[in-house]
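Observations on the three-dimensional arrangement
If you want the building blocks of each chain, they are given just below.
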There are 2 protein chains.
Amino acid sequence: MFVASDITVGANAGRARSHNRQVVLDRVRTAGRVGRAEIARASGLTTQAVSNIIADLLEDGLIVEQGRHAAGRGLPAVQYALNASGGYALGVEIRPDAVFAAVLNLCGETVAADRRDLASPDRDSVTETMLGLRDHLLKASGTPPDRLLGAGVVMPGPFGATGIRDSGSELPSWAESAPDHWFSEALELPVVIENDANAAAIAERIVGVAQGLETYAFIYFGSGIGLGVVQNGRLITGAHGNAGEIGHIPVPAGGESVPLESRVSRLSVQRALAGAGITAASVSDLDRLYAARTPELMAWLDAAAEPLSAAIAIVENLFDPSTVILGGAMPDTLLDHLIGSVTLAETSVARRDDRTTARLLRGASGRMTATLGAAAIVINHAFTPKIAA
Amino acid sequence: MFVASDITVGANAGRARSHNRQVVLDRVRTAGRVGRAEIARASGLTTQAVSNIIADLLEDGLIVEQGRHAAGRGLPAVQYALNASGGYALGVEIRPDAVFAAVLNLCGETVAADRRDLASPDRDSVTETMLGLRDHLLKASGTPPDRLLGAGVVMPGPFGATGIRDSGSELPSWAESAPDHWFSEALELPVVIENDANAAAIAERIVGVAQGLETYAFIYFGSGIGLGVVQNGRLITGAHGNAGEIGHIPVPAGGESVPLESRVSRLSVQRALAGAGITAASVSDLDRLYAARTPELMAWLDAAAEPLSAAIAIVENLFDPSTVILGGAMPDTLLDHLIGSVTLAETSVARRDDRTTARLLRGASGRMTATLGAAAIVINHAFTPKIAA
DNA sequence: AGGATTAACTCAACTCTATTGAGCTATCAA
DNA sequence: TTGATAGCTCAATAGAGTTGAGTTAATCCT
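Residues numbered from 1 in each chain as written. Chains lettered and ligands numbered in written order. Predicted model: local features only at pLDDT ≥ 70, side-chain atom pairs only at ≥ 80, totals over all residues.

1. Focus on the nonpolar core
Formed by 222 residues in total, the largest nonpolar core has its most connected members in A375(A) and A375(B). Not counting residues within four places of it along the chain, the set of residues in contact with A375(B) comprises A89(B), L90(B), G91(B), A102(B), V103(B), L104(B) and G152(B). (Core = buried A, V, L, I, M, F, W, Y, C linked by C-beta atoms within 7 Å. Buried ≥ 20, exposed ≤ 12 C-beta atoms within 10 Å, placed from the backbone. Contact = placed C-beta atoms within 7 Å.)

2. Some words on the protein's contact with DNA strand D
Inspection of the region around DNA strand D gives 31 residues, with T46(A), N12(B), R36(B), S51(B) and G74(B) positioned closest. Looking at the surface near DNA strand D, the element that brings in the most residues is helix α1 (residues 13-31) of chain A, giving five residues. Broken down by class, the residue content of the surface near DNA strand D amounts to 12 nonpolar, 14 polar and five charged. (Near = placed C-beta within 6 Å. Helix = DSSP H or I, 4+ residues; strand = E, 2+ residues; numbered from the N terminus. Nonpolar A, V, L, I, M, F, W, Y, C, P; charged D, E, K, R; others polar.)

3. Remarks on the protein's contact with DNA strand C
Around DNA strand C, the structure places 31 residues, and the nearest of them are N12(A), R36(A), G74(A), T46(B) and A49(B). Every element with two or more residues in the surface near DNA strand C is listed here: α2 (36-43), α3 (47-59) and β2 (77-82) of chain A together with α1 (13-31) and α3 (47-59) of chain B. Top contributing element to the surface near DNA strand C by residue count: α1(B), with five residues. Its residues assigned to classes, the surface near DNA strand C comprises 12 nonpolar, 14 polar and five charged.

4. What about the confidence of the model for chain A?
Detailed conclusions should not be drawn from predicted coordinates in areas where pLDDT is low. Model confidence for chain A is summarised by a mean pLDDT of 91, while 92% of its residues fall at 70 or above. Note on residues 1-6 of chain A: pLDDT under 50 across the span, and 15 contacts to partners over four residues away in sequence or across chains. (pLDDT = per-residue confidence, 0-100.)

5. Some thoughts on the domain arrangement of chain A
When cut into domains, chain A gives domain 1 (4-82), domain 2 (87-202 + 372-383) and domain 3 (210-367). Computed from C-alpha coordinates alone, the two centres of domain 1 of chain A and domain 3 of chain A are separated by 37 Å. (Domains from an automatic or database assignment.)

6. Looking at the sheet that holds strand β7 (residues 191-194) of chain A
Residue and element names in this part refer to chain A. Here five strands make up an open sheet; going across it, the order is β5-β4-β3-β6-β7 and the pairing mixed. Across the chains shown, the open sheet's two edge strands, defined by having one partner strand only, are β5 (110-117) and β7. Sheet twist, expressed as the mean angle between neighbouring strand axes with direction ignored, is 15 degrees. Pairing between strand β3 (residues 88-94) and strand β4 (residues 98-105): seven bridges, direction antiparallel. Across the sheet, G91 pairs through a bridge with A102, a residue of β4. Against the sheet, helix α4 (residues 123-141) touches β3, β4 and β5, its axis set at about 35 degrees to β4. (Pairing = 2+ DSSP bridges. Axes fitted to C-alpha atoms, helices over the stretch in contact; angles between N-to-C directions.)

Take a look at the structure:
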């Protein structure tokens, strides 16, 4: 969220219903297919209440019936599952030079995705490009516009006037004053704004390797490096929505203390390659250079292992996540190499005897991750119960 | 919480009422004194609903009427405030060699506090000592036992079988299998278990410098060093309740990378002094040594500045708290010295133009902080609305 | 087989809360 | 003094989940 103001709100019949709808929907999503009695047990509601809500959700087209499933004695339960085409979310990523957009269905599948260059980074130009892209995607995929639940917008953080300015990657000042309201009016949709790392983290929960996890951390390679942490299915945002600015934390690298992003980020790998006269503008460029075992790239990888290991140790001990995921605008091959070269700390709360997942996983990667994540935030939102505005 | 399992639970009339009671109570606490109409506006409930709940709370003795207060036109609003003696919380801190306990009233004021040596760290011995201490405190302060809302218990973390073992400070293995149930049965009260840093963090919110803050971080000097982070009034616990294990994160210190607690912790200062044949068993010992500007202590302080600064930079950037608080089992003089010697990072999301509080504050200090915090968790619990078991 | 048992689910009556709208009261301002 | 404003109460209403009896369809046991 752009401003993390969870105004505590009272409950009444209507809000209770809305809350319970989300509880039920969330159960259906995590289970894949379930019967009503099982949902009732999991949610603390009665089967009757669940039945009423399921009837509502069916009518709204958010779920579909899947026949009965016999499991032991008694009347076999009628199963319900998400209706993929019951709702869609728009994801938009705004960069200084381009706009990316994607449409996801309720199951998190990408229905359409595209990008458009940005003539100028002023607000009208961005808005126009975004609207054009949206119309194009909806038309191309045949998505009914009234089925759009909302839009997620990814913009470079941090938000507000802070001590961090990513020179070059910034948007003009219009982006600093309530852009969510502006976008919401332009798109005529509810809009949430997030940074790339947080968006990508949520994407892993909806479609990636974090499915079924409630608490995990995601280290994201964007232009710099970012961190998104999810606890109990919700993003940790901090007081001003800027939590997870991992790029500037001090980490050890060859006997000195440096900011993480000076050694582990796309900019840093590009700088290392530029020193040898090599340009690596795209993910596939990097993939190719890695396949060729380009010495400068391999040297960068070697140098990145120590600071990245330290960062992971810090994240593990400060957030106690179920797992740490590495992803973003890097080729899988590089991510896998990095994961292989990381030394996991011995003294870490992550070193548990009862561990069921790996401490370090590779997540979705590529240029579109954050864009998909923006849409995933909307989907996640629809599933996360809360009695709070 | 011992296990961070926020089971998502459905809402019904009863749970909605309980939720709304907490919303109202929380408004009364944060405002100090308020009228019903104002609570209604803040909570999204109707004045009628608030009136009914206020009547309930009055009857339960949790709040008291404070007369009318004219503010502009219209009927002056009847003001309500917390009733200090409307409820109490027991805080218990279990150490291998002693048990500390305190009783707090609803306003967070310490009503009674004491400690008792522990003959042996086995479960029966701990339980017996704890019960004796509780009875003594209740009797000495004249607290009616039926007014106890619950108990908070502080035990050395981390919980569960992890890669971190604080040699020497551990409790026997009985502490690892559902001690909350055991204590709950022994005390006949709802019990929450937390580590010292988290408990101390909540204490700052109820009685300390974090009043009015919803999102902040607390660095706690215990035997080692710990971190408690509060976001939107709730503790960040991680997947297994072990978030905030800051002692083992790598930080720079004089050109090398070391675990934070090797340079910044009570154990480390004691080690530094022991090298010169000085023993500093208590907080007042340290205070005295600091007053005398003991060279070994001053050297330790100098050496602690760099790693502590790095830790604070990490906490600021990863959690984006409103402020970072330093406190715990250290004399105020030392904490102030440390705060003065810290170099706040330039590149930090905490460097905001719109900042209203200092980036670094001194919190409550002394041996009893965590004990009071344990009780504060119960008070905070009573005030934090949630529709979740 | 065939009855007993188990479990999912529906129906209708009921209960709990919050909301609605009219009406009363006390303060300020003109 | 009068009108406007704002807090608050009362009684009726409405929305949601709960309760308990009854139905249906499997499995288990004899």
